[in-house]
Structures are given as structure tokens and as C-alpha cells.
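Residue-level listing of the chains:
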Amino acid sequence: MTALGRASGVCAGGWGDSGRAMRGPPPPLPVLFVVLVAAPGTRAAGYETCPTVQPDMLNVHLLPHTHDDVGWIKTVDQYYYGVRNVLHHGAVKNILDSVISALRAEPSRRFVYVEMAFFSRWWHQQTNATQQAVRELVRQGRLEFANGGWVMNDEAATHYGAIVDQMTLGLRFLQDTFGDDGRPRVAWHIDPFGHSREQASLFAQMGFDGIFLGRVDYQDKEMRKKKREMEMVWRASTSLQPPTADLFTGVLPNVYHPPKDLCWDLLCHDNHVVDDPADPGYNDKELAHYFLDVATYQRQSYRTNHTVMTMGDDFHYENANMWFSNLDKLIRLVNAEQANGSRVHVLYSTPACYLWELNKANLTWSLKEDDFFPYADGPHQFWTGYFSSRPALKRYERVSYNFLQVCKQLEALAGPAANVGPYGSGDSAPLEEAMAVLQHHDAITGTSRQLVADDFARRLAAGWGRCEVLLSNALARLSGSQEAFSICPELNISVCPLSQTSARFQVAIYNPLARKVDRMVRLPVLLLPQPEGQKPSPELLFSASVPALGFSIYSVARVSLQNPKAHSPERIPQKSRTGVLVIQNEYIRATFSTKTGFLMQIEDMEQKLVLPVSQSFFWYSAGTWDLKNIDVFGVSGAYIFRPSQPEPSPVSSWAKIHLLKTPLVQEVHQNFSAWCSQVVRLYRGQRHLELEWTVGPIPLHDSFGKEVISRFDTPLDTKGYFYTDSNGREILKRRRNYRPTWNLNQTEPVAGNYYPVNTRIYITDRKKQLTVLTDRCQGGSSLQDGSLELMVHRRLLLDDKQGLGEPLLEEGSGSWVRGRHLVLLDMVGKAAMGHRLLAQKEVLAPQVVLAPDTGTPYHPGATQRTQFSGLRRELPPSVHLLTLARWGPETLLLRLEHQFASREGSGHNLSSPVTLNLLDLFSTFTITRLQETTLAANQPRASASRLKWTPNSGPIRNLPVHRPDPAAITLQPMEIRTFVAMVEWKSMPGPSGTPPSKPELFPLLFATGASAATH
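These numbers were taken from a predicted model, which means no experiment stands behind them.

Cut-offs used in this document
- Residues numbered from 1 in each chain as written.
- Predicted model: local features only at pLDDT ≥ 70, side-chain atom pairs only at ≥ 80, totals over all residues.
- Heavy atoms only, no water.
- Pairing = 2+ DSSP bridges.
- Helix = DSSP H or I, 4+ residues; strand = E, 2+ residues; numbered from the N terminus.
- Axes fitted to C-alpha atoms, helices over the stretch in contact; angles between N-to-C directions.
- Contact = heavy atoms within 4.5 Å.
- Salt bridge = Lys/Arg side-chain N within 4 Å of Asp/Glu carboxyl O.
- Buried < 20%, exposed > 50% of the residue type's maximum accessible area, 1.4 Å probe, protein only.
- Left-handed = near helix turned anticlockwise from the far one by under 90°.
- Nonpolar A, V, L, I, M, F, W, Y, C, P; charged D, E, K, R; others polar.
- Disulfide = S-S within 2.5 Å.
- 1 Å grid on protein atoms, 1.4 Å probe; cavity = no way out; pocket = protein on both sides within 12 Å on 5 of 7 lines; lining within 4 Å.
- Points joined across faces, edges and corners; volume = space filled by probe spheres on them.
- Parallel < 35°, antiparallel > 145°, perpendicular 65-115°, else oblique.
- Phe/Tyr/Trp six-rings, centres within 6.5 Å; stacked < 30°, edge-to-face > 60°.
- Polar contact = N/O pair within 3.5 Å; in protein donor to acceptor, adjacent residues only side chain to side chain.
- Core = buried A, V, L, I, M, F, W, Y, C linked by side-chain atoms within 4.5 Å.

1. Notes on the sheet that holds strand E11 (residues 344-348)
- In space, the three strands of this open sheet follow the order E10-E3-E11, with parallel pairing throughout. Whereas interior strands pair on both sides, the edge strands pair on one side only; in this sheet they are strand E10 (306-311) and E11. Geometrically, the sheet is characterised by an average inter-axis angle of 25° between neighbouring strands, direction not taken into account.
- Where strand E3 (residues 58-64) and E10 come together, six bridges link them in parallel fashion. Paired with His 61 across the bridge in E10 is Val 308.
- Contacts from helix H9 (residues 320-336) reach E3, E10 and E11 within the one sheet, and its direction differs from that of E11 by about 155°.

2. Some words on the pattern of salt bridges
- Counting across every chain of the model gives 52 salt bridges.
- Among the ionic pairs, Asp 191 bridges to Arg 215, the shortest N-O distance being 2.9 Å. Placement of Asp 191 in the loop between strand E6 (186-189) and helix H6 (197-205) and of Arg 215 in the loop between strand E7 (210-213) and helix H7 (218-227) is noted, with a sequence separation of 24 residues between them.
- Note that Asp 717 and Lys 719 form a salt bridge whose closest N and O atoms lie 3.0 Å from each other.
- Accessibility expressed as a relative area gives 43% for Asp 717, which makes it partly exposed.
- The class of Lys 719 is exposed, set by a relative accessible area of 58%.
- Through salt bridges with shared partners, a single ionic network connects Arg 519, Arg 522, Glu 539, Glu 667, Arg 681, Glu 690, Glu 692, Arg 820 and Glu 842.

3. Things to note about the sheet that holds strand E8 (residues 231-235)
- Taken in spatial order, the five strands of this open sheet run E6-E7-E9-E8-E13, and their pairing is mixed. The open sheet terminates on both sides in strands that have one partner only, identified here as E6 and strand E13 (367-368).
- In terms of strand pairing, E7 meets strand E9 (residues 246-251) through four bridges, oriented parallel. If you follow Gly 210 over to E9, its bridge partner there is Phe 248.

4. So, the packing of helix H2 (residues 92-105) against helix H4 (residues 128-139)
- For the pair H2 and H4, interaxial distance at closest approach is 11 Å and the crossing angle is 60°. The handedness of the crossing between H2 and H4 is left-handed. Side by side, H2 and H4 meet where Ile 100, Leu 103 and Arg 104 of the first sit next to Ala 133, Val 134 and Leu 137 of the second.
- When its residues are assigned to classes, the contact of H2 with H4 shows five nonpolar, no polar and one charged.

5. Remarks on unusual backbone geometry
- For the peptide bond that leads from Pro 242 to Pro 243, omega is 5°, which places it in the cis range.
- Here Pro 243 shows up in the loop between E8 and E9.
- Here the phi dihedral of Asn 147 falls at roughly 70°; this positive angle occurs in a residue that is not glycine.
- Assignment of secondary structure puts Asn 147 in the loop between strand E5 (143-145) and helix H5 (160-178).
- For Arg 228, which is not glycine, the phi dihedral falls at a positive 55°.
- Along the chain, the position of Arg 228 falls in the loop between H7 and E8.
- On the accessibility criterion, Arg 228 (36% relative accessible area) is partly exposed.

6. Structural notes on the state of the cysteines
- A complete count under the given rule lists three disulfides for this structure.
- In this model, Cys 263 is linked to Cys 268 through a disulfide, with the two sulfur atoms separated by 1.8 Å.
- Given the relative accessible area of 10%, Cys 263 is considered buried.
- Taken in N- to C-terminal order, the disulfide-linked cysteines of the protein are connected 1-4, 2-3, 5-6.

7. Some words on empty space enclosed by the protein
- Estimated volume of the largest cavity: approximately 90 Å³.
- In this structure, the largest cavity is lined by 14 residues; those nearest its centre are Tyr 160, Gly 728, Arg 760, Arg 836 and Gln 840.
- Grouping the constituent residues of the lining of the largest cavity by class yields four nonpolar, six polar and four charged.

8. Regarding the packing of helix H12 (residues 429-438) against helix H13 (residues 450-479)
- The contact between H12 and H13 brings their axes to 7 Å, and the two run at 155°. The orientation of H12 with respect to H13, classified from their angle, is roughly antiparallel. Between H12 and H13 lies a crossing whose hand is left-handed. Here Pro 430, Leu 431, Ala 434, Met 435, Val 437 and Leu 438 of H12 lie close against H13, whose contacting residues are Phe 456, Arg 459, Leu 460, Gly 463, Trp 464, Arg 466 and Cys 467.
- In the contact of H12 with H13, the residues fall into 10 nonpolar, one polar and two charged.

9. With respect to H6
- Burial of H6 is extensive: nine of the nine residues sit out of reach of the surface.
- When H6 is considered as a whole, its buried residues turn out to be Arg 197, Glu 198, Gln 199, Ala 200, Ser 201, Leu 202, Phe 203, Ala 204 and Gln 205.
- Looking one or two places after H6, you find Gly 207, whose phi comes out positive at around 100°.

10. Considering the pairing of strand E29 (residues 665-673)
- Of all nine residues in E29, eight are buried, a share of seventy percent or more.
- Relative to E29, strand E28 (residues 656-661) runs antiparallel, the two being bridged by six bridges. Across the sheet, Leu 659 pairs through a bridge with Val 668, a residue of E29.
- Here eight bridges tie E29 to strand E30 (residues 676-683), and the two strands are oriented antiparallel to one another. Paired with Gln 666 across the bridge in E30 is Leu 682.

11. A word on the packing of aromatic side chains
- All told, the structure shown has 43 aromatic pairs when counted by the stated rule.
- For the pair Trp 123 and Phe 178, a centre-to-centre distance of 5.1 Å together with 65° between the ring planes defines the contact as edge-to-face. On the criterion of sequence distance, the pair formed by Trp 123 in helix H3 (residues 116-123) and Phe 178 in helix H5 is long-range, its members being 55 residues apart. With respect to class, Trp 123 is no different from Phe 178; both count as buried.
- Plain terms: the ring middles of Tyr 620 and Phe 641 are 5.6 Å apart, the flat faces sit at 65° to each other, and that makes the pair edge-to-face. Residue Tyr 620 is located in strand E26 (residues 609-621), and its partner Phe 641 is located in the loop between E26 and strand E27 (649-650); the two are separated by 21 residues in the primary sequence.

12. A word on the side chain of Gln 439
- Along the chain, the position of Gln 439 falls in the loop between H12 and H13.
- At a separation of 2.9 Å, a polar atom in the side chain of Gln 439 contacts the main-chain carbonyl oxygen of Met 435.
- Not counting residues up to four positions away in its chain, the partners in contact with Gln 439 are Val 151, Met 152, Asn 153, Asp 154, Thr 158, Ala 162, Gln 166, Glu 397 and Ile 444.

13. Brief notes about H3
- Across the eight residues of H3, seven count as buried, placing the element largely inside the fold.
- Restricting attention to buried positions, one finds in H3 the residues Met 116, Ala 117, Phe 118, Phe 119, Ser 120, Trp 122 and Trp 123.

14. Describing the environment of Leu 62
- Structurally, Leu 62 is set in strand E3.
- In this structure Leu 62 comes out as buried when scored by relative accessible area, which is 0%.
- The spacing of Leu 62 and Met 309 is 247 residues in sequence and 5.1 Å in space, taken between C-alpha atoms.
- What Leu 62 contacts, discounting residues up to four positions off in sequence, is Phe 291, Met 309, Met 311, Leu 327, Ile 331, Val 346, Leu 347, Tyr 348 and Ser 349.

15. Describing the nonpolar core
- Counting 247 residues, the largest nonpolar core has Phe 119, Leu 143, Tyr 317, Leu 689 and Leu 884 as its most contacted members.
- Considering each element in turn, this core owes the most residues, 12 residues, to H13.
- Among the nonpolar cores identified, the runner-up in size contains 17 residues, and Cys 488, Phe 505, Ile 509 and Leu 523 belong to it.

By themselves, these are just geometric observations and shouldn't be taken as functional.
The following block contains the structure:
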């Protein structure tokens, strides 16, 4: 999105598998390795093809590049083929065709490409001759891949697991296609609207030598230019030992655009270089001197005798020769000025080659330890609205991440039988690619046009279809029974055709976590005709116990009400003699005012904690254009959050409520308005309070755009501090109206204090901690001590003039949104255990699959199972199985992570290192060989090397890398270890584990109909 609107060998596959084809066993590993770090001044691997520079001159590195959004104003397909250019000009196929031709025409030219979603598509359409020519360009370093992910992902709304997946997909394509010649050395995040610390940590663990950023806050950038700190070392983890998560970071001088008056694309209007003195437009001397002035001025903000200019922009180089012919002339003219005393040398370069020169300078660099949120490019333009834009799409992406992990796990556990089975051909790849596209910085952000957002959702839906076939094949294989399995994607609105039309059916519940889970299952069910005047129950509720990485299967049957296992709920009126209503279970008590209908207090009875908490909904009125200062004052739009007043208006000053109680759940139903309601519930055995909110369609009849928040007010003395997660992993401390690295001039007291909340936000007085977990990314803040707020929905009448050209009206299915907030009250020392384990349980919630209970054996003599676990023993609470996926015909990709930070957890026990034995851990396969890799699985960890940088905090000791012993894999706090495992699948054993216990089942809401179940 534009700022104006907004070396050797071509052995494909390298050391690993090519696609899903096995390339042979990995080489044996020696006992001990040392991380290879290239010392400054030596020629590091991957930099051999860099151009020669002039050590006694200012070297200006020209970086020809194109920024190709994978969906924004147009869909992915429209951008690739260049259709509907009346909406937005962009034709990626033509760009790549033209660039390759231009590179082959002149050997000094270089080019940078980033988005593998487009490049891989183009690659597979080329002839063998063209592919070979491109391989040669890559080998010569003249076509360089930066970043290398499927997309250039957003850094605010994305979950770390989805980031790792999409980067792995793109980098594997490059490794399989070009070998190590194609491996990117540099991360290139030039357009995301703010930068997270966790993203930097992940890039460092993937083996990148550095990252270049385009967008940083305008105040931050001005300070850095003055202090010459545009380049720094970013320490991206407080838990991982340096330099594991250290990443050299450079801020580009002009976002990612060319310098003013030096843009020579079809989409530009600058004067071309005219070097013919006879031509009336002759301007070569003028342009050469102007360029020298620009380079000299730019140098003042940087520390070395090297500076960089990004020569490209959105969808540039469709006519690559136009750009390159002007750059050829510019280089010749500027370098000719050296004969007249100029000390400037200009050259075609790449991000990696520029980084290499910075590394050779052997300087000590400033250290950054926070993040780059929130981002503002002007006093009233804080890009914090997109944290919450299109909440329905954000939730669909999060649910799809869950389902993709379920599919990949079952594909690994069931082996080849998951891909080809009785239900047809199943595959996780289409959903994996669709999910990768959704991580794009104009997709998950909600900052695309409506037609494009619809296309993103269509891609996810298509990917689900192939995964559902895979899931059916795998469940049949692992359960020993062929059933007509089906998924009910609309359970959140109590719609499930099979359960609502069948008197008897089966419920299979798969748990993607590596530890047992107890889960309440709610299903809409078929009821017998009811006596006149009695309402039917739309849902059935039962408690399910599901083993680690496995499933439990329950049978549900309609029975008569006389069955003692069927219970009707108790409806309790709103009126109360005490003026309060209470719901409670063994652990939590929540109190509500009968006068206002609002939550008043939360009590943790086990810890003897009591906290007054008032929760309700408010809305900010969206800002309007100031016609006198239209270029100064922004308005709320898809990107920008700018309320017209700092104080929000209440949706209502009271809520109509009623209370519902059954032996398994107690609920308070709150109705705030015709478009805002909420159910506050406590399940039996649950240690948190669940708030299920429903908002929309947001009314616009009063001509005000609205941004709706849920706010929690408490008396906690928080002293201006609050805490948010970074992409669902590490926690960052926030302070109201403050930035750690510069003196903030706060011009927007609301929007300027908003941060992305991917999974949780909390406040504490150092004794008690109130944590709110989210089910998707939302913008959040603490604008007053003791207060938390989360933006749940927004609907706007104006465009914020950042290039989208369309207001965020959220018409259609996205206008009505349902979600959940999970509220935890804890002592500070125990809080991390609660919120970390609960967050993983929600991100990877069990998958419910239904079948009509009319199945047949998987094959004659097959043993039918009602319970299965893919693990022979559970993993400890501090360890999370991040990835289990097929990698090749005989290999799996395995990622294990320590999910606690250092000095975190009760008594710090959960923050201790953990050692695992992977031998005989899995029940369906045996690991025969294990090779450790970098995080994205595109380099053996033993041979991976990174450039060494020295921060001003002092020199860093190199860390040893030990050969992985499957019997003793140790994880340090916040460490992720990645392995490619060669495996042998086993024949299916007999029944696994103890059959699930018979559940208690209860019809919910005012039913007297016959519903129950037996196992």
C-alpha cells in the first residue's frame, strides 16, 4: 500500500525434501556444533555475489523493487493478471515477465522480489528455458528474494503460529526451487503499519541477518534521524539468551518509495533522464546534481559511508525497461561526476548487499528492546483502527488456523491414509495457502475493500473443503469406522443441520493440544413436539473429556423427559430482594446489579480474591473531516482510529437481564440494546468468567460512524501501566501517554494509547491481576487507572484517505459479530499459569465433528475405537506442540515450544527448562532419525550462520548448538525448537485408552422436550 494513499549450485531442495518428495536421509550430525557467526570483514555465505563498492566514497545502493499487495483494492487473482485496472493498476504477471527480460538484457542490473504467493504462481507457468534463465539470475545474485514468505504479513493482528506457517510455506518453495541460492538473508517489512517485537524474534530464529522497515512513527523517525539511530540492534526477547532473538534493524529513508522526482515507472509522472544535448528536454547534469544533493542530505541520518534508495513502489516495473533505462543513465551520469571531484558512488544493489556493507563497518549499534506500536504518520493519524477492523474476518481466520492445525496433525498421525481414503482425496495444502494469504498486511488487518475481503473468506472456505475430506479419512482410519462425518461451522449461532434433524447421532471431539482437555460441548438438537405454550430448547450441553492429541466419540440419542439424566434449566426472574443476582461454581462467583443489569464484582473463592468490576459497552463517535484542515486532521477509517471526543457514549445505562441455571452452567443474559447483547456464563469446573457478546448491525441512522468497545472498570491502582501480548506470545509492558525510546508529544489521547491485543490484555496493582483474553485480535488500552477496554466492532461512514477509497461499512454477514472475552482474576504470582494455558486452550480449542451413527467398519475386522490419543504420554504444562505436520513421504515437521517466559509462573516452576523424551512419544509412528532446523525449517540448525552485530550493551557470546538427542530435548523459556523427523508409521493398534465416561447432558434455555444422551 502506497504512503500517498497509504552463488553456487542450483540443487533444488537442498538438504531437505522437495515438495512432498523425499530427498534422502539427512546427514548424520556431530556431537557438538557452535553457531556459525560471520565475523565482520570476512566474506559470509550468501554475500559472494555482491557488487564492488568504493571504500573511500559515499556508496549509494539503488534497490529496484516492486511492492505487490496480495489483495487490497483488487483480489489476488485480479492483481496477478492485471484485470480491472480501472480500480487499481497492478499486473504482477506482466511485472515478472518484464523484470526477467530487463535483467537478462544488462548484466549489471539487480532486482528484489518478495511475495511468494505471486512468484510461485508465475514460476509454475514458465517454460523450462525461462526457469533455467531465472535460476541463473538467482545464482548470480541479480534476482534476490527478500523476506521470502508467502506474503509480507501484518505484525499486529497475526498470531505467531500463523506467521511461522506462512513464512515456512514461502521459504520452502524457495529452498525446493533454488536451493541455498534462493534463501533470503534479509527480512523486508516495508509496508506493515507498525512492527511487533515477536515478529523480530521469529525472524531472528529463522536465521535472517537483518530486517529493513518502511513505516515507523513520525516522531520516532525524526528523533532517530537526528541521533543517527536509523539502524540498530533489536533485542526481541527478554527470555531468549542473546543473540538468539537479536535482529539488526534498519529504517529506510523514504518508506519504500523513490526519492522525490526520481520515479520512472508507468505510474509515475517525473521527467525521464534525457542525456542528449540536442534534445530540448536535456537534463542529465541537472538530475545528476540533484541526485548528489539528495544522497548527501540522506547520509546525514546514517552512520556509515553507505546509504540506500528504494527505486520502486506499488506494482511498479510492469514496463521494467522504463525504470532500468533511466537508472542505467543515472548511474553513469552520477559516477562520471567523480572526475569533477564528487565522492559519491552509485550502484545497483540489493537489501542483502547493503546489509553486508553495514556489517563490514564493524560498528557498535544502539539497542532497542520495545516494539514499534502504535504507528502514526501524523499528529492525528494513528493507525490503530485496523487492530479491530472486520472482526468477523479476523475470527474466521483464527478459527481456520485452529482447523488447519487439526488437519495437519491428523495428516501426520494417520499417515498416507489421510490423503487418499474412503472419502476421496484430502489435502491440507489449499487451506495452508489460503491461511498464508490471510496473513497479508491488507487481509487479516481488515484494510481491503469489501469485494476483496469476500474473496479472502471464499479462499478459506475452499480450503476447508479439502481439509474436511482429509479429516474424514483420518478419523475413519484412526477410529476404525467409516461414518458420514460433517462439521458444523455455524455452531456459534446454534445452527447444525445434522444434530437438528437427527434423533440419534455421534459426536467426535478432537483435541489438538498435547494434554488432556475437559470441554463443554453445546449442540442444537431435535426435540419432540412440545406442549402448547412451552418453548423448545435449541441446545444440548454436555461435558466431554478428550485425551491429548486425540479424540473421544460420544453417542447422542433422544430420550423421554422421565429419564433422570435429562434436566431442564431453572429460569430465575430479574427481581431480587438483595438487589443483586449471583452466578457461581466451585471457583468463581460473579455478582450483578438488578438495578443496572451490569456486572458488579468477581470473586475467586479458592484464592479468596474479591474485585469490584463494572463491565459494559460504549461507543466512540468516529471523527469527521475538518474541511478547513483536511490534510491535517484525520478521520476514523479502516486504518485510522480517531474518535471525535475522548469520552465514549454508553450503549445503554442499563441492561435487561435474566438468569439461567443448570447443573452444568449458570448464565446471565444481558440485553443492552437492539444491536448489543451479552451472555455472561460460568461452566462447572471453570476458573474464568466467560462473556459472549453479540454486536451489530451497528446503527448509522444518526449519521455517526461508531466504534464499539467493551470496558472493564475496577479500583485497581495501576499507575498508568497495562500489559498486552505480542502476537500471542511474549508480554509487553505498556504505559499510558509514553514511549520508551523518545519523548512523546501525545496528540490523540485515545487512539495514541491503543495497542494490538492478539490474545490477552491485563492490569495489575502488583497483588491482584485482571486478565481479559480475546478470541481474535482487537485494539485495546487502559485509558484510566484500573480500566481496560477492547474494541469489538466498528462501522464507519468515511474513508480515512489512506488509499482504500471505501468506508468501512461492514455490510452483509460481517455486520453482525459474536465473540467471547474470558476474564481471569488471579494473584500476580499465579496469573501467568492461568492466562497462558487458557490462551492455548482457546486458540486450539477442540474440533467437534458429527456423524449420523450409521457407520461401517473401516475394513473387515477393524477394531472400532471411541477414544484415541496420538501421544503415549502427555507433554508437561509448560510445553506446547506448535507444529505436527507432514513434510515428505517419510518425514514429519515437528515444533516444540516452551510457552512460559523466564521468571514467570507460580514459584517460577513453569519457567524452568524442560527436557523431553521423544522416543516412543507418538502412538502411530516411530521417529527413526531427527534433524534440527531453524524455525522455518529451511536450514539445518547445525550449519546455519548469521552475521554478528555488536550492540552498545556489550559484546555477545556465541551459543553452542548440540546434536539433538531424541531422548533428551531441552527447551529453555520461550524457546521454539524445530525438527524434521524421519518416521515409520505403525499398523493401527487395538482400542486406545479408557472409553470416555458417560456424559451428563442438559437441554438449555426453557425446555421441557426430551433430550439426553448415552455413551
